[in-house]
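Descriptive analysis of the structure
Residue strings, one per chain:
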Amino acid sequence: MQNVTLACFGLSYLLALLLELARLKWPKPGLRTTGLILGGAGLFAHSWFLAVHQPSPATAYGALLAVAWVLGIFYLYGSLHHAKRAWAIFVLPFVLALVGLAFVLVSTDADAQSFALESGQRFWGAAHGILILLASVGVCVGAIASVMYLIQARRLRKKLNPLGGVKMLSLERLESMNRRAINAAFPLLSVGLLIGVLLLKSENVITPDWFSLKVLGTVGIWIVFLVLLYMRYAVHLPGRRLAMLTIFSLVLVVAVLIADHSFARRGESP
Amino acid sequence: MNLRVIGCNFRTAAVELREKLAFDDAKRERALLELSARYGCECVLLSTCNRVELTVAGGGEDFPFDTAMAAEFLGEIHGLYAADIRPLLYEHAKEAGVKHLARVTGSLDSLIVGEGQIAGQVKDAFEAARRLGTTGPLLNTLFHHTLRVAKRIRTETGIASGHVSVSSVAVDYVKQVFDTFHDKTVLIIGAGKMARLTLKHLQSLKPRQILVTNRSLSKAIEVADACGGMPVPWQELDDALAKADIALSTTGAPEPIMPRKRFVEKVQPKRHMGTLVVLDIAVPRDFDPAIHDGDRVCLFNIDDLMRIREQTIAQRQKYLAPAEAIVNAEVKKFTDEWNRRKSGPMIQQLRQEVDKVRAAVLEPLLGKLNGKLTPAEKESIEAAFRLFQNKLLHGPISALNDAGIEGESRRMLEAVQKLFGLKG
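Residues numbered from 1 in each chain as written. Chains lettered and ligands numbered in written order. Predicted model: local features only at pLDDT ≥ 70, side-chain atom pairs only at ≥ 80, totals over all residues.

**Here's the deal with the overall build of chain B**
Inclusion rule: Note on conventions: DSSP H or I runs of at least 4 residues are helices, E runs of at least 2 residues are strands, and numbering of each starts at the N terminus. Throughout, radius of gyration means the C-alpha value; the globule benchmark is 2.2 Å times the number of residues raised to the power 0.38. Burial in this document is a count-based property: other C-beta atoms within 10 Å of a residue's C-beta are tallied, and the residue is buried at 20 or more, exposed at 12 or fewer, or partly exposed in between, with C-beta positions derived from the backbone.
What chain B contains, in helices and strands, is 16 helices and 10 strands. Relative to the compact-globule value of 22 Å for 424 residues, chain B shows a C-alpha radius of gyration of 33 Å, a clear excess of over 25%. Counting only C-alpha atoms, chain B reaches 115 × 60 × 30 Å along its principal axes. When the 424 residues of chain B are sorted by exposure, 39% land in the buried category.

The following block contains the structure:
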C-alpha cells in the first residue's frame, strides 16, 4: 500500500467520471454501481495516500490534495444521497482538476517548503491553515452548486424538456446549497484571515510579505465574499449573477492555494 | 383457442357513439351476466372513454358469437339499432385477439401511446368479470398474462416515460425550480376549467397557501372555497403576484393582463427573494413572454407546455418497435403454452397407454430369459425398449404440439385418439 500514488486515485476518479458520462447515454444500473465502486476506491486510495505521505496542507500540493479529498467525500455522499441526479458529473471534474493541479505542482514545492513559525505559534498556524482550507472547501461546494445552477437556469431559460437530459437539483436547492456554503465559508475565512494577519504581524515571523499573492488573494476572496453576501441579502442580486461571482471566487481560491505561503521559505528547516 | 375480441374504439367510432355505447358498473354487470348465460361463454367487458370491447371465449370450436351478434347484443343493452353499431365494430379472433389485448393493455393502441391508465382499466374490467364468475380457464390465464406483458412493456421500454398532460408538464417545470412546497404560495388567476384541473395537480404538492383572484370576486370565492384557498380582489393582483411563488393564469382576457412594463414597475420591485414560476395556460396569453428570464421569473405558456407534450409523444413513438416485439414474443409464448396445455392430457394418456404395451411385451420376454441375463444385460434390454417407445412416440407428440400451434389441434387429437385407441 506504500505504492499508492496520486495517479492511482486520479485514474479511479477519472474512470468513475467516464462511467457516469456513459450512463447518460446508456442508463444501465451496472454502470452506476461500477462508477460508485471506482469512485469509492479512488477515495480510499486518496485517504491512504494522505495518511501515508502526510503532505503539509500549508503547501500548495498538500492544500490541493486536502481540498480534493473533502470534495471526494462530498462526491460520494452526494452520489449515494442523490442517486437519480447527475451528481458525479459536476463534482468529479472539480476533484480531478484539484488532483491534476497537485500532480503538476508535486515536483516543484511538495518537498521543499517549510514554515518559519516559532513553535509557540504552531497552534495558531495550524488553526489558520485549517480554517482557510475549510473555507476553500466551502467555496468549492458553492462553485459546484453555482455551475449546476447556471446550467439549470439555462435549461429553464431555453424551456427545455424538464424530464430530458441530465437530471439535476432544483434551482431552489442549488441556490440554497450555494448560500449555505458561502455563509459557512465566510466566518471561517474571516477568522482564518485574522489569525494569519496576526501571525504575520508578530515579530517572530521571518520575512513577512504583506504583498504576496497568497495574502492579497486571501484578502481578495474575503472582499469577494463580502460583496457576495451584500449582493445576496441587501441588493437581492439574481441567482445567476451570484453564481458567477461564486465561480470567480473559486478561481481566486485556487490561485491562493497555489501561491507561495508567506510563512514559508524555501530550503530551510523550521 | 376459441377467443374473440369484438368492439369499437376512437378510430372506428365517433365520440357521440362511444358515449352511447359506454357502460357504467351496473350496466356492465348486467351485460356480463346476460352474455355469459345466453352463450355459455367466458366474457370480459372493457369500457373506457376511448373504447368498448367484449372479450369472449369458450363455447366449443363452432362458438357462434361474431360481430353481428355482438352488435345485436350491444344494441339490445343500450337501446340502439344493431345496424348502426355493426359497421363500427372490429373483430380479432384467436391469436390476433391475444395480440390485440396485449397491445391495448400495453397502451400501444391508445390515443396517446404509452398512457398509464389503460392497464388499470383492463385490470378493473377483468376483476369485475372474475367477481361475477364470467371468466374461466382461458380468460383468467389470458388476462393475467396480458397484464404481465403490459408491465414488461412499461418497464423494458421508455414508452411510458415523460408526461403528456399539460398539467403534469406544468408541475414538472415547477419541480425544476422548487424543491419544497410547504413554504410556497400559489396564486390562481382566473377561475376557468383549466385552472381547476391544473390546480388539482398543484394541490398535490401541498403548498402553504393558495390565493385566488378573478375579475368576479364571487367566482374567486367559489374556487377558493373549493380548494381551501383565500380569495383576493382583482385590484390586488400586483401585490398577490409579489407574494406568490407559483402563479397559474387562465383568464379569458382578450389582452395580456400583465404586460412587461406593469410587471417590471409594479411587481418586480416588491419581490425580494426567490423565483416566480408563471404557468400561463390562457389563450390569448395573460403574461407578456418577455418577463421570462429563467432565473427570477420562469414563464411557461400553453405553447411551451404543448411543445413538451408533443416531444414526449414523439419520443414514445421510438419505443413502439421494441414494444411490438415484446407483444409478438409474448403472444407466441402464450398461444404455444395454451395449446400445449390443451393437448397435454392427451399426450399423457398416450404415454401411459404405450407404457402399458411396453410392459406387456417386456415382462414375458424377461421372464423367459430369467437367469440367463446379467443385471447389466437386463438393463440394456429395458433401456432399448424405452428408447424404441420414445422414438415411436416422438412423431405423434410433436404433431400434437405443432397442430395445437397451427390451430388444428382438434382434428389431430381425434386422429391420435383413433390411431392409438385412446379414450376421448
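**Brief notes about the interface of chain B and chain A**
As a reminder, the rule being used: Any pair of residues counts as being in contact when their C-beta atoms, constructed from backbone geometry, are within 7 Å of one another.
Listed as interface residues are 20 residues of chain B and, on the opposing side, 17 residues of chain A. Going through the elements one at a time, α8 (166–177), β10 (297–301) and α13 (302–317) of chain B are the ones with two or more residues in the side of chain B that touches chain A.

**A closer look at the domain arrangement of chain A**
Residues and elements named next belong to chain A. Defined as follows: Boundaries between domains were set according to an automatic or database domain assignment.
According to the domain assignment, chain A consists of domain 1 (1–114) and domain 2 (115–263). Taken residue by residue, the interface counts 23 residues in domain 1 and 17 residues in domain 2. Mapped onto the side of domain 1 that touches domain 2, the elements with two or more residues apiece are α3 (60–81), α4 (87–109) and β1 (113–115). Examining the composition of the side of domain 1 that touches domain 2, we find that eight residues originate from one element, α3, more than from any other.

**Some details on the environment of B:Ala224**
Residues and elements named next belong to chain B. With respect to the helices, strands and loops of the structure, Ala 224 is situated in helix α10 (residues 217–227). C-beta crowding within 10 Å serves as the criterion here: with 21 such atoms nearby, Ala 224 is assigned to the buried category. Linking Ala 224 and Thr 155, residues 69 residues apart in sequence, is a C-alpha distance of 40 Å.

**Comments concerning α10(B)**
Residue and element names in this part refer to chain B. Stated precisely, the cut-off is as follows: In this context, the arc is that of the directions from the helix axis out to the C-beta atoms.
Three or more residues of α10 are buried, namely Ala 220, Val 223 and Ala 224. Seen end-on, α10 carries its buried residues on one side only, within an arc spanning 100°. Residues of α10 that are exposed and point over 90 degrees away from its buried face: Ser 218, Asp 225 and Ala 226. Where the residues of α10 are buried, they touch β5 (185–189), α9 (193–203), β6 (209–214) and β7 (230–233). The first or second residue beyond α10 is Gly 228, which carries a positive phi of 70°.

**Section: unusual backbone geometry**
Residue and element names in this part refer to chain B. With an omega of -5°, the peptide bond between Val 283 and Pro 284 qualifies as cis. Residue placement: Pro 284 occurs in the loop between β9 (276–280) and β10. Of note, the phi angle at Ser 107 is positive, near 65°, even though the residue is not glycine. Along the polypeptide, Ser 107 turns up in the loop between α5 (94–105) and α6 (117–132). Unusually for a residue other than glycine, Lys 206 sits at a positive phi of about 55°. Position of Lys 206 among the secondary structure elements: in the loop between α9 and β6. Residue class for Lys 206 comes out exposed when judged on the 10 C-beta atoms lying within 10 Å of it.

**What to know about the domain arrangement of chain B**
The domain boundaries assigned to chain B delineate domain 1 (3–159), domain 2 (166–314) and domain 3 (342–420). Between the C-alpha centres of domain 2 of chain B and domain 3 of chain B there is a distance of 77 Å.

**Looking at the pairing of β9(B)**
All names here are of chain B. The test is simple: At least two DSSP bridges between two strands are required for those strands to pair. Viewed with both strands pointing away, a crossover whose connecting path from the first strand over the helix to the second turns clockwise is right-handed.
In terms of residue burial, β9 counts as a mostly covered element, since five of its five residues are buried. The side-chain alternation of β9 yields two buried faces, one formed by Leu 276, Val 278 and Asp 280 and the other by Val 277 and Leu 279. Alignment of strand β8 (residues 246–249) against β9, held across four bridges, turns out to be parallel. Residue pairing across strands places Leu 248 opposite Leu 279, the latter belonging to β9. Crossover β8 to β9 through helix α12 (residues 260–267) is right-handed. Across five bridges, β9 lies against β10 in parallel orientation. Each residue of the ladder has a partner; that of Asp 280, found in β10, is Asn 301.

**A closer look at the sheet that holds strand β4 (residues 90–93) of chain B**
Whether parallel or antiparallel, the strands of a sheet pair through hydrogen bonds between backbone atoms. All names here are of chain B. So the rule is basically this: Geometry is summarised by axes, namely lines fitted to C-alpha atoms with helices restricted to the contacting stretch, and by angles between N-to-C directions that run from 0 to 180 degrees.
The sheet built from four strands is open, its strands ordered β2-β3-β1-β4 with antiparallel pairing. Across the chains shown, the open sheet's two edge strands, defined by having one partner strand only, are β2 (42–47) and β4. Ignoring which end each strand starts from, the neighbouring axes of this sheet average 15° apart. With seven bridges joining them, strand β1 (residues 3–9) and strand β3 (residues 51–57) adopt antiparallel strand pairing. Along β3, the bridge assignment pairs Val 5 with Thr 55. Each of β1, β2 and β3 is contacted by helix α7 (residues 137–156), which is oriented at about 40° to β2, the strand it contacts most.

**Examining the sheet that holds β7(B)**
Residues and elements named next belong to chain B. The parallel open sheet is built from six strands, whose spatial order is β7-β6-β5-β8-β9-β10. Taken across any chain shown, the strands that pair with only one partner, and hence form the sheet edges, are β7 and β10. Put simply, the sheet's adjacent strands are angled 20° from each other on average, direction ignored. Relative to β8, β5 runs parallel, the two sharing four bridges.

**Overview of the packing of helix α2 (residues 29–53) of chain A against α3(A)**
All names here are of chain A. For clarity, the threshold we go by: For classification purposes, an angle smaller than 35 degrees is called roughly parallel, one larger than 145 roughly antiparallel, one from 65 to 115 roughly perpendicular, and anything else oblique. Take the far helix as the reference: if the near one is turned anticlockwise from it by less than a right angle, the crossing is left-handed, and if turned clockwise, right-handed. Amino acid classes used here: Ala, Val, Leu, Ile, Met, Phe, Trp, Tyr, Cys and Pro are nonpolar; Asp, Glu, Lys and Arg are charged; the rest, including Gly, are polar.
At their nearest, the axes of α2 and α3 sit 10 Å apart, and the two run at 150° to each other. In terms of orientation, α2 lies roughly antiparallel with respect to α3. Here α2 runs over α3; the crossing is left-handed. Every residue of α3 that contacts α2 at Leu 36, Gly 39, Gly 40, Gly 42, Leu 43, His 46, Ser 47 and Leu 50 is listed here: Leu 65, Trp 69, Gly 72, Ile 73, Tyr 75, Leu 76 and Ser 79. In terms of residue class, the contact of α2 with α3 is made up of eight nonpolar, seven polar and no charged.

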